[in-house]
Structures are given as structure tokens and as C-alpha cells.
Amino acid sequence: MASLIHQTNAHLSDLARPLAHTLNLPHLPPHFPALVYSFIGWVLLHRVVSPALSARLCPESYGKLRTPRAVNNWNIQVVSFLHVFVVVPLAARCLTLENLKEDKINGWDERLGTTVAVACGYFLWDCVDALLNFDDAGFLLHGISCLIIYGGIFRPFLGYYACRFLSWELSTIFLNIHRFLDKTGRTGGTAQYINGAALLGTFFSARIAWGWYKTFDLYQTLYAARHEVPLVYLVLYGCGSSALHSLNAVWFYKMVRALKKRFDPVEPAKAVNGKVG
């Protein structure tokens, strides 16, 4: 079994070499097997594991989903929820790596490579699903942007920031709990109120406050290295980070509005021409 896995890994690494050479990603081949396994794992979780477990653990709520779109969205949220518990611990172990701190532009560590490979496998799955089940251009843009930006880390490039930006995913825990509470008939309850506060707090802290702080640091690093880094990388990572932060701001606004609607008291009907409307 170990020999088969070794041979498979070697074959996958060889498959990635032409792409790695073309895109100048020398650290991609040894981590390409992890990327592929990550992608396959998220696909299986989405298409096989989540439907089976959801039907068993939440038969009433899952059984009420009448459209393929509703069922797919439920299963997407399961994948998104569990992804956080994989990628955030992987990213956290990279936060204290000295070689990344010493060189924010080109620093590298094999543990970072594993983390980015798992994340890229997830973003690849996200892109494929967004294309096959197109629902929102923002989600598709987010998936493509993340796949390109994190894929470029294998150059290596900006690995210091990769593990820090992956910490944004913390807020996804509460976002998916919020959605599951909606779908299981707990809208507007105490649990959703507490979770909503945690959602807004973590989203603002991780993605808005911490996110913009580290992005400003990223801009400073890119500017300082502007004569050493190809222009395409400066534009890609500068504009890509700005686009992702713009999406975060839009999503935060939508979250506030959505939560406000759930907990605002219903206004009494107004009288129109002496009658209750």
C-alpha cells in the first residue's frame, strides 16, 4: 500500500512539472499530490459524505429541500464548514515560522507548502462547483481569485501572508452555523442571536480589521520590492487583495442587513383610509 501511494505521488508530481515550469512554480510538484487529494476529498465530501450524513442526522430539514439548488447549497455549506477545521490549524502552525518572518517576499517552508496545497484543492473544488452550479458571480470571482493568488505562493511568493490571510476563514464557522440555523427552523432564536454576534465579531475582526491591517502591510512589502518583483505579480496580488477585501466589505454589509431583518420587531400594520392595511 505504501509503495502504491509513493508511486502515485511520484506520478502526480511528474504531471505537475510542465505546468510548474511554465508558471515558474518550482515548489508545486512535490505538493501537487496533496492538492489533488485535497480536491478529491472535498468533492467526495460534497457529493457523497454530506448527502448521506445530512439525510441521517437532519432527515426532516434535509428532506424538505425541494430543489437541486437548495440541496447543493446545503452540501456546499457542509464542505465549507469542515474546511475551516482543516485549513485554519494548518495555517496556524505556520504563523511562527522564522524563515517566513525573515523574508516576507520569498520565504518558504514545507509546512507552508502543505497548507497552501490543501487550500488550493479547496479553492479548485469551489471554482468547479461555482462554474457547474452558477449562482453568484461574487462566489465565482472569490474562488478564482483565491486559487490564482494562493497558487502563486509555490513560486515561492508572499508565503508569510498566505497563512495569515487563511486565518480569515475563522468567521466561516459562524456563517455556516447561521445558515444551518435558518434551514433547521431556528431563525430568530436565541442561538442565532448569539451566533450572529459571534459571526459579526469574527468577520469584522478577522476579515475587515486584521485583514486590512495585514493587507496594508502587504502593499508596503510589495512597494519596497517593486524593483525585484515582476510587474505582473505586483498587479495580480495588489489588485487581487483589493478585490477580495471589497467582497468582504460587501458581504459584511449584507450580513448586518440580514441579521437586522431577523431580529428587528415587526412593525404594526399601518392604517390606510381608516382600514388596517
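Predicted, not measured: the structure shown is a model, and the values here were computed from it. As a convention, each chain's residues are numbered from 1 in the sequence order in which they are written. Whole-chain, interface and lining totals are the exception, using all residues; otherwise, since this is a predicted model, local features are given only for residues with pLDDT of at least 70 and side-chain atom pairs are given and counted only at 80 or more. Remark: hydrogens and water are excluded; side-chain values derive from all non-hydrogen atoms of the structure.

Caption draft 1: Inspection of empty space enclosed by the protein at higher detail. Throughout, the protein atoms alone are placed on a 1 Å grid, and a set of points is a cavity if a 1.4 Å probe fits but cannot get out or a pocket if it is open with protein on both sides within 12 Å along at least five of seven lines; lining residues have an atom within 4 Å of a point. Grid points are joined across faces, edges and corners, and a volume is the space filled by probe spheres set on the points. Counting across every chain of the model gives 1 cavity of 30 Å³ or more. Taken as a whole, the largest cavity encloses approximately 210 Å³ of empty space. Lining of the largest cavity is provided by 19 residues; of these, Ile149, Tyr150, Phe165, Trp168 and Leu244 occupy positions nearest its centre. Secondary structure is summarised from DSSP: a helix means a run of H or I of at least four residues, a strand means a run of E of at least two, and numbering begins at the N terminus for each. Those elements that provide at least two residues to the lining of the largest cavity are helix H7 (137-151), helix H8 (159-165), helix H10 (190-224) and helix H11 (231-263). Residues are grouped as follows: nonpolar covers Ala, Val, Leu, Ile, Met, Phe, Trp, Tyr, Cys and Pro; charged covers Asp, Glu, Lys and Arg; every other residue, Gly included, is treated as polar. Looking at side-chain class alone, the lining of the largest cavity contains 14 nonpolar, 3 polar and 2 charged residues.

Caption draft 2: Quick look at the environment of Val43. Its place among the elements puts Val43 in helix H2 (residues 28-57). A sequence separation of 62 residues divides Val43 from Ile105, and the C-alpha atoms of the two residues are 33 Å apart. The contact rule is simple, with two residues in contact once any of their heavy atoms fall within 4.5 Å. If near-sequence neighbours (up to four positions away) are discounted, Val43 is found in contact with Val48 and Trp125.

Caption draft 3: Representation of the nonpolar core in the model. Nonpolar cores are built from buried Ala, Val, Leu, Ile, Met, Phe, Trp, Tyr and Cys residues. Side-chain atoms within 4.5 Å join them into one set. Each residue is assigned to one of three classes by its accessible area relative to the maximum for its type, calculated with a 1.4 Å probe on protein chains only: buried under 20%, partly exposed between the two thresholds, exposed over 50%. Leu112, Tyr150 and Leu158 are the most contacted members of the largest nonpolar core, which totals 54 residues. Where this core is concerned, the elements lending two or more residues are helix H1 (2-23), H2, helix H4 (68-92), helix H6 (110-132), H7, H8, H10 and H11. No other element matches the 9 residues that H6 contributes to this core. With residues near it in sequence (within four places) discarded, Leu158 still touches Lys104, Ile105, Ile153, Leu218, Leu222 and Tyr237. Grouped together as the second largest cluster of nonpolar side chains are 7 residues, Leu199, Ile208, Trp251 and Met255 included.

Caption draft 4: Here's a closer look at the layout of surface pockets. The computed volume of the largest pocket comes to approximately 1100 Å³. Along its surface, the largest pocket is lined by 37 residues, and Gln77, Phe139, Leu175, Arg179 and Trp251 are the ones closest to its centre. Residue assignment for the lining of the largest pocket shows that the elements contributing at least two residues are H4, H6, H7, helix H9 (170-183), H10 and H11. A per-element tally of the lining of the largest pocket places H9 first, with 8 residues. The volume enclosed by the second largest pocket comes to roughly 370 Å³. Around the second largest pocket sit 17 residues that line it, and Leu23, Leu25, Leu147, Gly151 and Gly152 are the ones nearest its centre.

Caption draft 5: Just the pattern of salt bridges, in detail. The term salt bridge refers to a pairing of a side-chain nitrogen on Lys or Arg with a carboxyl oxygen on Asp or Glu at a separation within 4 Å. Within the structure shown, the criterion is met by 6 salt bridges. Asp14 is the salt-bridge partner of Arg17, the closest N and O atoms lying 3.1 Å from each other. Note that Arg17 and Asp14 are positioned in helix H1 at a spacing of 3 residues, about one turn of the helix. On the accessibility criterion, Asp14 (46% relative accessible area) is partly exposed. For the salt bridge of Asp217 with Lys104, the shortest nitrogen-to-oxygen distance reads 3.2 Å. With Asp217 in helix H10 and Lys104 in the loop between helix H5 (98-102) and H6, the pair connects residues that are 113 residues apart, well separated along the chain. With a relative accessible area of 14%, Asp217 lands in the buried category. Where salt bridges share partners, they join Lys104, Lys214 and Asp217 into one cluster.

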